[in-house]
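The residues making up each chain are set out below.
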Amino acid sequence: MIFDTHAHYDDEQFDTDREALLASFISAGIGNVVNVGASIDTSEKALELAHRYDFIYAAAGVHPSEVTELNEDSIRQIETMCDDDRCVAVGEIGLDYHWPEPEPDLQKKWFIRQLDIAREKKLPVIIHSRDAAADTMNIMKSEHAEEIGGVVHCFSYSKEIAAECVKMGFYIGIGGVLTFKNARKMREVVDQTPIEKLLLETDCPYLAPEPYRGKRNSSLYLPYVVKAMADIKGISEDEVIRITTDNAQRMYGLSEH
Ligand code: NI
């Protein structure tokens, strides 16, 4: 069964058919989903989904683009959510310099603060990093992220940076972009990274794989990513599914469940 390590089924794009869609997963070979929060509100919604569906787990955290909502009160809300036994990670947190706001210093401050929560709660982190490779690596090193562990999700950097992340014990999250024609860099990352360090993810409703690029994404399209990964690694699609699911259970601490 496929493990989708990063999805946003709380998104309004699923409002019309969420229940029917989620109900179709098991028979389509989708075994587990981690629904990832990006704000206080969506973290709460992620936990609601995780309580309603056995196969869904939640992550609680505030995305770098949303950190202006953070203060000590909302940090305490995240800490409380992390104590819920359906919460398996802190995320998504990190740095996103694609847009000028929020200013980098503010993003860094709350990235570090949320890494501290993960350390304290003994949960892995889901790191979102866009156009911010150097600062992300510097913070991961200075904050000893190797003691926390987790995934750099929707990985978009070079194979050299992937190797550094893997050296720190991190997993690399791979999604629909792998199937895009111009994804040479990403194919190099998958080729070079040991499969024991790769995770499957959708980031849905965003980043649908070919042939659905630009459409609403869902876990049902992950077989296209599996196929692309199997081709690069020269192994069967079943092997890709088995190993990446093991990886996800290990990272999220679900092996005993
Ligand atoms: Ni996401």
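Scope of this entry: the structure provided in the associated data block. (Residues numbered from 1 in each chain as written. Predicted model: local features only at pLDDT ≥ 70, side-chain atom pairs only at ≥ 80, totals over all residues. Heavy atoms only, no water.)

### Here's the deal with the overall build of the protein
Definition in use: Secondary structure elements are defined from DSSP: runs of H or I of at least 4 residues count as helices, runs of E of at least 2 residues count as strands, and each element is numbered from the N terminus. Computation of the radius of gyration draws on C-alpha atoms alone. For the globule rule, the value is 2.2 Å times the number of residues to the power 0.38. The buried label goes to any residue with under 20% of its type's maximum accessible area, the exposed label to any with over 50%, and the partly exposed label to all in between, with areas taken from a 1.4 Å probe on protein chains only. In what follows, residue pairs with any heavy atoms lying within 4.5 Å of each other are defined as contacts.
A count of helices and strands for the protein gives 9 helices and 8 strands. A globule of 257 residues ought to have a C-alpha radius of gyration of about 18 Å, and the protein, at 17 Å, matches this closely. Taken along the three principal axes of its C-alpha coordinates, the protein extends 45 × 40 × 35 Å. Put simply, the protein has 257 residues, and 56% of those count as buried. Excluding contacts between residues fewer than 6 apart, the proportion of contacts in the protein whose partners are at least 24 apart in sequence is 73%.

### So, the sheet that holds strand β4 (residues 87-96)
Note the threshold: By the convention used here, strands pair only if DSSP detects at least 2 bridges between them. To obtain an axis, a line is fitted to C-alpha atoms, over the contacting stretch when the element is a helix, and the angle between two such axes runs from 0 to 180 degrees between their N-to-C directions.
Spatially, 8 strands are ordered β1-β2-β3-β4-β5-β6-β7-β8 in an open sheet, and the strand pairing comes out parallel. Both outer strands of the open sheet, β1 (2-7) and β8 (198-200), are each paired with one neighbouring strand and no more. Shown here is a sheet whose adjacent strand axes are inclined to one another by a mean of 30°, direction ignored. Where strand β7 (residues 171-174) and β8 come together, 3 bridges link them in parallel fashion. Bridging from a neighbouring strand, I172 pairs with L198 of β8. Helix-sheet contacts for helix α8 (residues 222-233) involve β1, β7 and β8, and the interaxial angle to β8 is about 155°.

### Some points on empty space enclosed by the protein
Our working rule: A 1.4 Å probe that fits but cannot get out identifies a cavity on a 1 Å grid over protein atoms alone, an open set with protein on both sides within 12 Å along at least five of seven lines counts as a pocket, and a residue lines either if it has an atom within 4 Å of a point. Grid points are joined across faces, edges and corners, and a volume is the space filled by probe spheres set on the points. For this classification, Asp, Glu, Lys and Arg are treated as charged, while Ala, Val, Leu, Ile, Met, Phe, Trp, Tyr, Cys and Pro are nonpolar and the rest, including Gly, are polar.
Within the structure shown, the criterion is met by 1 cavity of 30 Å³ or more. Empty space within the largest cavity amounts to approximately 30 Å³. If you trace the largest cavity, you find it lined by S129, A133, T136, M137, M140, V152, F155, Y157, I161 and C165. Looking at the lining of the largest cavity, the elements with two or more residues in it are α5 (133-142) and α6 (159-167). Its residues assigned to classes, the lining of the largest cavity comprises 8 nonpolar, 2 polar and no charged.

### Some thoughts on the coordination of the nickel ion
Threshold: Metal coordination here is assigned from N, O and S atoms located within 2.8 Å of the ion, or within 3.2 Å for Na, K and Ca; omission of water means that sites may look incomplete.
For the nickel ion, the full set of protein donor atoms is H6 (NE2), H8 (NE2), E92 (OE) and D203 (OD), and the range of their distances to it is 2.1 to 2.3 Å. Written as a sequence motif, the donor arrangement for the nickel ion is H-x1-H-x83-E-x110-D. In this pair, H8 is assigned in the loop between β1 and α1 (18-23) and D203 in the loop between β8 and α8, connecting sequence segments 195 residues apart. Summarising the burial analysis for this pair, H8 and D203 share the class buried.

### Examining the layout of surface pockets
For the largest pocket, the calculated volume is near 630 Å³. Contributing to the lining of the largest pocket are 25 residues, with H63, H128, R130, D203 and Y206 lying nearest its centre. Breaking the lining of the largest pocket down by element, the ones donating at least two residues are β4 and β5 (125-130). Considering each element in turn, the lining of the largest pocket owes the most residues, 3 residues, to β5. Here the lining of the largest pocket is composed, by residue class, of 9 nonpolar, 9 polar and 7 charged.

### Remarks on the packing of aromatic side chains
Given two aromatic rings, one states the distance between the centres and the angle between the planes to describe the pair. Spelled out, the test is: Any Phe, Tyr or Trp ring, taking Trp's six-membered ring, that has another such ring centre within 6.5 Å forms a pair; planes under 30 degrees apart are called stacked, those over 60 apart edge-to-face, and the others tilted.
Tallied over the entire structure, the rule returns 9 aromatic pairs. Summarising the aromatic geometry, the rings of F3 and Y252 are spaced 6.0 Å apart at their centres and angled 20° between planes, so their arrangement reads as stacked. One end of the pair, F3, is in strand β1; the other, Y252, is in the segment after α9 (237-251), and 249 residues separate them in sequence. Judged by its relative accessible area of 2%, F3 falls in the buried class. Seen from their ring centres, Y212 and Y221 are 4.1 Å apart, and the 0° between their planes marks the pair as stacked.

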